[in-house]
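Remarks on the overall topology
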Amino acid sequence: MLILTLLSLTIWITLLAFRGQFWRSHIQLSPVPPNFDTLPSVCAIIPARNEADVLPKTLRSLFLQENISQLQVILVDDRSDDGTADAARAIAADINALGEELNLTLPQLDIITADPLPPGWSGKLWAMDQGIHHGERHNPDYYLLTDADIQHHPQNLQQLLFKAERDGLDLVSLMVKLRCQSIWERLLIPPFIYFFQKLYPFDWVNNPQKSTAAAAGGCILIRRPALERIGGLAAIKETLIDDCALAQAVKRGQGQEYHGIWLGLSQKTISLRPYRSLWSIWGMVARTAYTQLNYSPLLLLFTLLAMGVTYLIPPIALIWGIQNHDSFIAFIGFATWFLMAFSLLPTLRFYQQPPFLGLILPLIAALYSLMTLDSALRHGLGRGGAWKGRVYRGKGTA
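Described in the following lines is the structure provided in the data block. Keep in mind that what you see is a predicted model, and the values were worked out from it rather than measured.

Reading guide: rules and limits
Residues numbered from 1 in each chain as written. Predicted model: local features only at pLDDT ≥ 70, side-chain atom pairs only at ≥ 80, totals over all residues. Heavy atoms only, no water. Helix = DSSP H or I, 4+ residues; strand = E, 2+ residues; numbered from the N terminus. Buried < 20%, exposed > 50% of the residue type's maximum accessible area, 1.4 Å probe, protein only. Phe/Tyr/Trp six-rings, centres within 6.5 Å; stacked < 30°, edge-to-face > 60°. Lys NZ or Arg CZ within 6 Å of the ring centre and 35° of its normal.

Bringing unusual backbone geometry into the picture now. At Gln 21, a position not held by glycine, the phi torsion is positive, near 50 degrees. Note that Gln 21 resides in the loop between helix H1 (2-18) and strand E1 (42-48). In this structure Gln 21 comes out as partly exposed when scored by relative accessible area, which is 34%. One non-glycine residue with positive phi stands out, namely Ser 25, at about 55 degrees. Inspection of the secondary structure puts Ser 25 in the loop between H1 and E1.

What follows is the structure, given as structure tokens:
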């Protein structure tokens, strides 16, 4: 017990001091200065499969972006059966009528229907690829790849473009703020973001000297030449974790034309996707958790053991030390548990959740470990990668 307790403490000291400050939640877009008024052209690609209920807010938010004069929006209807395309047309008509009334020039919307999904492609990537090919006629400087459930802040695209242009970046991505309203969302969504940042420390992602690469698929701005340089989305067509695969392809293709990537958090651009139950969050994680481990049983075993030592040993050591009157082990267990809870505080603050939730991080980590195990079981049963009525057996992130 003493060895395990000291090992857990060492792990936490190492994580907090040397893991790219993943726990701080400090990397966000900066405001655009008032004298910055030259913005390049953008083509926004929205893959949509049964998203009619969220489009009135999300699609409208793209049409009403501030200080964007060269924006084309392409919605790819991925074989929806809920009237997604009709809802998009109605929204576009209302927005254009408003633009005419106020004498404003607003973006135009193209709606295309996705062709049948060919072998070797995931549905989202196939839909986005068709949208990109359709958008080539506009010859945009950038593509904005965004999910249909993302409600963009009015200045979001302006800030993304400013960041890319000022810093000369090939790819700028936002981890948008996920919905955090139901009890399960409040318990599990902040730790989800926390674990993502631990896996892909944003400081390392944004450092050209580091090999770590990641993006968040809900909001990715990418230069057209950079996308062409890596061979388009066809280069990652079989990947399930397509956002990180795209970032890896861009960063791995460093050379004379490479300009860097950037990933940060957003307070004001949000996802409207609800996760009202434990099982909806469970399904989201189980869909790709085993993919993240490259379908390796050894990596799965190591991950489960590492999660146990890192998150479960501290409270166990505290209880064991109290019961066995070993004050040293009890103190080390308490100190390690405190460090663990402390590390979650910035993310809880970002999501406006109470600090005491940090104390149940061991229980939350155990839940996520079970989700990862279930992901492996689903893969073994041929049900891995299930999403919106489709089952994918793709590759990992690269």
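Quick look at the packing of aromatic side chains now. Throughout the structure, instances matching the rule amount to 13 aromatic pairs. Pairing Phe 196 with Tyr 200 gives two aromatic rings, centres 5.2 Å apart and planes at 50 degrees, and the pair type is tilted. Each member of the pair, Phe 196 as well as Tyr 200, is classed as buried. Geometrically, the ring pair formed by Tyr 290 and Tyr 295 is edge-to-face, given 5.7 Å between the ring centres and 80 degrees between the ring planes. Look at Tyr 290 and you get buried, because its relative accessible area is 6%. An aromatic cluster is defined as three or more aromatic residues linked by ring pairs; in this entry it consists of Trp 12, Phe 22, Tyr 194, Phe 195, Tyr 311 and Tyr 368. The lysine or arginine in question, Lys 177, covers the ring of Phe 350, its NZ or CZ lying 5.4 Å from the ring centre. The ring centre of Trp 204 lies 4.6 Å from the NZ or CZ of Lys 210, which sits over that ring.

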